[in-house]
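Residues per chain are reported as follows:
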Amino acid sequence: MSLKVSNSSSKDDVQVGERLYLGMDFGTSGARFAIINKDGTILSEGKKEYPKFTINGLELKCPRKLKLLFLLCSKTEESIDWLRSWKVTLFSLLEAVPVNLRPLIASISIDGTSATTIIIDSNSGEPLWRPFLYNESCPDALPVVKSIAPANHTVCSGTSTLCKLVSWWNTEGENRESALLLHQADWLLWLLHGKLGLSDYNNALKVGYDPELESYPPWLLSQPYSQLLPSVQAPGTSIGYLKEGIRTEFAQVLKQRLQYTLAGFPKDCVVCTGTTDSIAAFLAARATEPGKAVTSLGSTLAIKLLSTSRIEDARFGVYSHRLDDKWLVGGASNTGGAVLRQIFTDEQLEKLSEHIDPMEVSPLDYYPLQVVGERFPVADPKMVPRLHPRPQSDVEYLHGILESIARIEAKGYSLLKDMGATQVDEVFTAGGGAKNEKWTKIRERVLGLPVSRAIQTEAAYGAALLALKGAQAQHNEQ
C-alpha cells in the first residue's frame, strides 16, 4: 500500500495566516491529493493505489443477504470490498498531508468516477449492496429507463446511474424504505462532514438531475425509487466543517490500530461538494471562457468544450455538464492511444515521430479503432477499424494514423458546433498524447486552431480549485 508524496513547500514558502486548499481525486485505480494556495500554486501532492481488500475476510456490518452476495462473487472484481478500500485510501491521503500544512487547510473537496453508485441505509450509512462501478452496465434496467426518460437522454445508457438504481430496485425486495443513493464522491465526503444525502449537479446528471432547472424532472420524481435520490448542490458548495471525530476521537483510533495520525486539521476546515473526475480534470486546465476546449489523448480520445449552450444527444454519447453559468459539452471516441500501442512501442513512437514533418499533409485515410464500433463523432456500432493500406515506411504509417486521429478530433468539434455548441477557438491537451510535439503540430494544422499542452491536468488539482471556490464563497457570505 505504497504512497508517493512530493512537497514543494517549506516554512518560508507559506506566509503567516495563509490558508490552503485540499483536493482529492478518486480515479479508477488509485487516488491523488493536491494542496494549493489562493494563487493556485501547488505546495504538496501525492498518490496511492487502492489496496485490494477481498470480501471473504471481512466482518461486514450489513444484511446477511448482502454478505452472501459478496461471498458468491469471489474471485471477481465484485469480491473486492471497494468501500473499505476507498475509505482506507481517503484517510491515507489525509495522513499524508504534511504536518506543517495541516493547520492551514481551509477547505476540502473530492472528485470521483462518474456513475459509480452506492446504495446505503439512510439511518446508519451502512451499505445495502455492493457498489456499482463506473463502467458497470445494467442492460436489464435499460428498457425501463428508456420508457420513462425523454428520447436520447443521458440516462438512456446501460452504465448510467439511473439504470443502476432501477436494477437495484427491481432486484432488492427489502430495505427499500430506508435506502439512499450516493455517488462515490458523495460517500467519501460524507465520511468527512457527516451529513447524509448530499450530492452535486455534476455527479447527479447521470441519475437524471436537470442542472438547468436545478431540480429532478417530473418524469423521474413520479417513480417510486425517487425517494432514494440525494439533494443536490452546485460543485464546490460548502456543506459543513470537518467532523470533530475525524480530528480527534477517530484520529486516535486510527493511530492505535493503523498507525495513522490526523491531528492538526483546523476546526474551521470546510468540506465542500465535489464533482466527477473528468470535470475536475477539465477544471485543472483552467479553461474558463466559452470556446476553450480540452482534448484528452489517452487510451481513447475525449473532447470537452466550454459552451454557452447545452447540448444533449445520447446517440453520440454527447451530454453537457453545468459549470456555473456555462456548459461543458463532451464526447468521446473509441480511437486514441490504445490503437497506437497495439502497433508501436513507446520507444518506436518517440523515435518515429522525430522524422515526421507535421506541416506535410498525409494522404493516408484511416479510422483507427481497437475493436468494431464507434459512437462519436460517428454513431455506428458496426464501424470496422480501418488501418490499411500500410505503407512500407513506418514513419509514413505513424504520420497517417496521427493525422487520421486529428481529423476525427476535428470532426468531433465540428459536430458539437452543428449541434449548437459554442465554436471552439483554442484547444488544451491532456493525457499521454500531449507529450508528442509533432502530433500537437499536426493537430494544430488540421484543427486550424492554437493547440497547447495544459499546464495542469490532474483531477486532484481541479478538486483543490473547487475547495478554493467553496472557501471563498463562504468567506464572502460571512
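Owing to the predicted nature of the structure, the values given are computational and were not obtained by experimental measurement.

**So, the overall build of the protein**
Here's step 1: Tallying secondary structure elements over the protein gives 14 helices and 18 strands in all.
Here's step 2: Burial analysis of the protein (478 residues in total) assigns 56% to the buried set.
Here's step 3: Here the analysis covers contacts within the protein between residues at least 6 apart in sequence; of these, 73% occur between residues at least 24 apart.
Here's step 4: Accessible area for the protein stands at about 21,000 Å²; split by element, carbon and sulfur atoms hold 50% of it.

**Things to note about the packing of aromatic side chains**
How two aromatic rings sit relative to each other is given by the distance of their centres and the angle of their planes.
Here's step 1: Considering all chains together, one arrives at eight aromatic pairs under this definition.
Here's step 2: For the pair Phe 26 and Tyr 50, a centre-to-centre distance of 6.2 Å together with 20° between the ring planes defines the contact as stacked. Taken together, the residues span a long stretch of sequence, with Phe 26 in strand E2 (residues 20-26) and Tyr 50 in the loop between strand E4 (42-49) and helix H1 (64-72) at a distance of 24 residues. In this pair, the class of Phe 26 matches that of Tyr 50, namely buried.
Here's step 3: Look at Trp 168 and Trp 169: their rings are 6.4 Å apart centre to centre, the planes differ by 55°, and that puts the pair in the tilted class.
Here's step 4: The exposure class assigned to Trp 168 is buried, which follows from its relative accessible area of 0%.
Here's step 5: Classification of Trp 169 as buried rests on a relative accessible area of 9%.

**Focus on helix H4 (residues 161-171)**
Here's step 1: Burial analysis of H4 places nine of its eleven residues in the buried class, which makes it a mostly covered element.
Here's step 2: For H4, the full list of buried residues reads Thr 161, Leu 162, Cys 163, Lys 164, Leu 165, Val 166, Ser 167, Trp 168 and Trp 169.
Here's step 3: As for H4, its buried residues are in contact with strand E6 (117-121), helix H3 (142-148), strand E7 (179-183) and helix H6 (218-221).

**Points about the environment of Asp 210**
Here's step 1: Its place among the elements puts Asp 210 in the loop between strand E8 (198-200) and H6.
Here's step 2: Taking the relative accessible area as the measure of exposure, Asp 210 reaches 15% and is therefore buried.
Here's step 3: Among the polar contacts made by the side chain of Asp 210, one reaches the main-chain amide nitrogen of Leu 213 at a distance of 3.2 Å.
Here's step 4: Within the structure, the side chain of Asp 210 is placed 2.9 Å from the side chain of Arg 310, a separation counted as a polar contact.

Analysis parameters
Residues numbered from 1 in each chain as written. Predicted model: local features only at pLDDT ≥ 70, side-chain atom pairs only at ≥ 80, totals over all residues. Heavy atoms only, no water. Helix = DSSP H or I, 4+ residues; strand = E, 2+ residues; numbered from the N terminus. Buried < 20%, exposed > 50% of the residue type's maximum accessible area, 1.4 Å probe, protein only. Contact = heavy atoms within 4.5 Å. Areas by Shrake-Rupley, 256 points an atom, 1.4 Å probe, with all protein chains shown as cover. Phe/Tyr/Trp six-rings, centres within 6.5 Å; stacked < 30°, edge-to-face > 60°. Polar contact = N/O pair within 3.5 Å; in protein donor to acceptor, adjacent residues only side chain to side chain.

Function cannot be inferred from these measures alone, as they are strictly geometric.
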